[in-house]
Amino acid sequence: MSALQIVAAVVCLGVTAVAIALLVKTVVGMVATFRLGQPDNRGDDKGARTRTLVREFLGHTRMSRIPVVAVAHWFTMVSFGVLFFTLLNAFGQLFKPDFTLPLIGHFPPFEWVTEFFAWAGLVGILVLIGIRQKNHPRSASGGDGRRSRFFGSSWWQAYYVEFTILGVTLCILTLRALEYALAEAGGATGISSVSEAGALHYPLTGWLGEMFTGTSVPTLENLIVVVAAVKILISFAWMITIALVPTMGVAWHRFLAFFNIFFKRHADGRTSLAELAPIRVDGEPLDFENIEELDEDAALGVGKVEDFTWKGLLDFSTCTECGRCQSQCPAWNTDKPLSPKLLVMTLRDHANAKAPWLLASEEVRAAGVEQAEGLRDATRAAVTTESLVGPTGYDIRHPLGAYNPHGPDAVIDDDVLWACTTCGACVEQCPVDIEHVDAIVDMRRYKNLIESAFPSELNGLFKNLEKNANPWGLAPRLRMDWAKDLPFEVKQVGTDVESADEVDYLFWVGCAGAYEDRAKKTTRAVAELLHTAGVSFAVLGDGEACTGDAARRAGNEFLFQMLAQQNVETLTEAGATKIVVTCAHCFNTIKNEYPQLGGHYEVLHHTQLLNRLVREKQLVPVARPGEAASAGTLTGAASTGTKVTYHDPCYLGRHNQVYAPPRELLQILPGVEYAEMQRSKETSFCCGAGGARMWMEEKLGTRINANRVEEAIATGADRIAIGCPFCKVMLGDGLNAKKDEDSSLADLEVVDVAQMLLAAVRRGGDDATQDAAQPEPAPAPS
């Protein structure tokens, strides 16, 4: 061996030993940190979980929201694994420059794959570097950089990872070129001829090797040793770096993402949306019927970082800081301090800082955090932080100040926690299946149930729900006012029919559908359409209570359990099996959350049922907007226009994947042009009502509903169709504000899909599906 080889081997092997030792220590520490979290059984159906992991990994299904990034990342990711063999080969080249791996070293298919992924990895990382620069905060609109999805991400870490990959791929390609040149010069073993070297073994790098033509064998061998050493040092310097910085999510996600995807909430791969996870104590759902037996020290929700489950702590460490969640968040996009990415990053950094104290021995902890030896300043600060969520004194113009992993007052500001609409855009977008909404609601639960600290507006909501079982606090006897003056009887279970099994569907009206004037029109429209189609239905009348959606998402789990249990008992007594609802929140709660309390039903959103009835010709939309208007049918609940756009309710779309039925209904309406908003379906923008935000004042930033209405107006539509009464209220309020500014919007309306269908199935005074004339309904009560 030459002096160069000896020096290179000693340095590389020494750095490798240090890197492996540090990495093992860090991995052990990370596992210990995750185990600080609360129990959570995520080991069911390992076969389905494995299939989900393989599908998301190889198919990049979660990355596909941004196709160019998905393709570039796929090749970069796969090259990381495939090109590992080149690292092993580089160690051999330190000792013998013409070294190749036994058996596969000169196996052509292996060499072809290696060269292909070396080039693909190089191109992929260059594309990703370019995309990061294109979306850099300095280039973002608004001047403050927050419109960039990378705002708040750690830039040095991202640059370091990117240039590590760039350096490694360049070294691999350079080594392949030098190996070709060495073979051409007759200094390589295992290759019989120069032509064989180029055509068979170096198909994509032989042309690079030609650049070294005429270089002597000793020089080529020395170059191979140097480049191999550089490749090894780049690789293991990266390993040392991530070992010293366990919060480096942009690097650690390469390993942790596999576990985070495997242990996602749903084994079949569904996103962690729809139903909320119940409060758990010692890994088991809390039994509210025996709440008095609960240990007084048990945590209800999350008040300390160690109250999160181990999966929650794994979530935080897996975050790649890609900012996809941030770019879609309605709160962040309307200048509020909540960024799902910054929230997760802060909790990750806080958990990492606090873990050494939580893992310390009893002797160390007995001395107190200030006197304990061997603790970092960050650990002392994290331990002495007053609360996980609380006032931080941040400036709204500088949202990063609302996140303080090391305190001193609070880790997360109250404004961050309560800005969330639980729309699920963050969870839907996350490429590594982080469960942001669960974490936020768990922290709300603690604030509500333990500290009784929540926005003052929620006091009225909770009192109304407790007293009258509806958010408006109106009397239960008024729940049937929406049906007054309808030209047919609306049957009630217990009065007109003994059981819901005597009719086709139980029509769950919901609080908004019964009490809110705008939502009443939707209720009437659906009732009229079902009657026209010959579908029998009955309602519960004053037997209904609020489903508890707002209470649960505000963190008041006790109130939710009370309302939900009452409704499940009522539905069971009524014999309900098939339920149709007009409210997306009621739809989600009854369909996905009531099974947690033993209530299992077939639940349909009204757009699903109406779409089915149209397809089965039980409803036939025939009237064009002009014909319907000239016939005088646009009274009461019906409303239509010549051009319509559709707003996806979050709890119908993202949470439950119901996208097609409402669009199919709108697109089949005669004479109505359909226009899609840019943000639609999975990327639809929230109306601002979810997460109990319907009942809270929007004091920070700009209004979410105004943002969405502006987008709808830009389509040129004269009707904004919705499928949820909450959306109708929020978008209606936003539109009214715009009308005050622009008189040209006077004829624009927010209507339910059912209202437009109702206008189309009538022609003149005749029912479109029956020969006999039907009397027109009276206007809805106001």
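Here, the structure is the one placed above.
This write-up is about the structure you can find in this document. What you are looking at is a predicted structure, and each value in this text was computed from that prediction instead of being measured.

Moving on to the environment of V10. Secondary-structure assignment places V10 in helix α1 (residues 3-34). Take V10: its relative accessible area is 57%, and that puts it in the exposed class. Sequence separation of V10 and L94 is 84 residues, and the distance between their C-alpha atoms is 9.8 Å.

The strand order across the open sheet built from five strands is β5-β7-β6-β8-β9, with neighbouring strands paired in parallel fashion. With partners counted over all chains shown, the strands left at the sheet margins are β5 (491-492) and β9 (602-605), one partner each. In this sheet, strand β7 (residues 537-539) lies alongside β5 in parallel orientation, the contact comprising two bridges. Of the residues in β7, the one forming a bridge with Q492 is V539.

All right, on to unusual backbone geometry then. Here the bond from G407 into P408 is cis, since omega is 15°, no more than 30 degrees from zero. Along the chain, P408 falls in the loop between β3 (387-390) and β4 (410-413). Even without a glycine there, the phi angle at L103 is positive, about 70°. For L103, a relative accessible area of 85% gives the class exposed.

What follows covers the packing of helix α5 (residues 108-134) against helix α6 (residues 155-184). One can describe the packing of α5 onto α6 by two numbers: an axis separation of 9 Å at closest approach and a directional angle of 150°. Judged by the inter-axis angle, α5 sits roughly antiparallel to α6. Crossing hand, α5 versus α6: left-handed. Counted together, E111, E115, A118, W119, G121, L122, I125, L126, L128, I129, R132 and Q133 of α5 and W155, A158, Y159, E162, I165, L166, T169, L170, I172, L173 and R176 of α6 form the full contact between these two elements. By residue class, the composition of the contact of α5 with α6 is 15 nonpolar, three polar and five charged.

Bringing the nonpolar core into the picture now. Core analysis: the largest hydrophobic core is formed by 203 residues, its most contacted members being F308 and W482. With 13 residues, the single largest contributor to this core is helix α9 (residues 217-244). Counting seven residues, the second-largest nonpolar core is a separate cluster that includes L273, V427, V437 and V441.

Moving on to the state of the cysteines. In this structure the tally under the stated criterion is zero disulfides. The structure places no disulfide on C171, whose sulfur is separated from the nearest cysteine sulfur, that of C12, by 11 Å. Exposure remark for C171: the relative accessible area of 9% places this residue in the buried category.

Conventions and cut-offs
Residues numbered from 1 in each chain as written. Predicted model: local features only at pLDDT ≥ 70, side-chain atom pairs only at ≥ 80, totals over all residues. Heavy atoms only, no water. Helix = DSSP H or I, 4+ residues; strand = E, 2+ residues; numbered from the N terminus. Buried < 20%, exposed > 50% of the residue type's maximum accessible area, 1.4 Å probe, protein only. Pairing = 2+ DSSP bridges. Axes fitted to C-alpha atoms, helices over the stretch in contact; angles between N-to-C directions. Parallel < 35°, antiparallel > 145°, perpendicular 65-115°, else oblique. Left-handed = near helix turned anticlockwise from the far one by under 90°. Contact = heavy atoms within 4.5 Å. Nonpolar A, V, L, I, M, F, W, Y, C, P; charged D, E, K, R; others polar. Core = buried A, V, L, I, M, F, W, Y, C linked by side-chain atoms within 4.5 Å. Disulfide = S-S within 2.5 Å.

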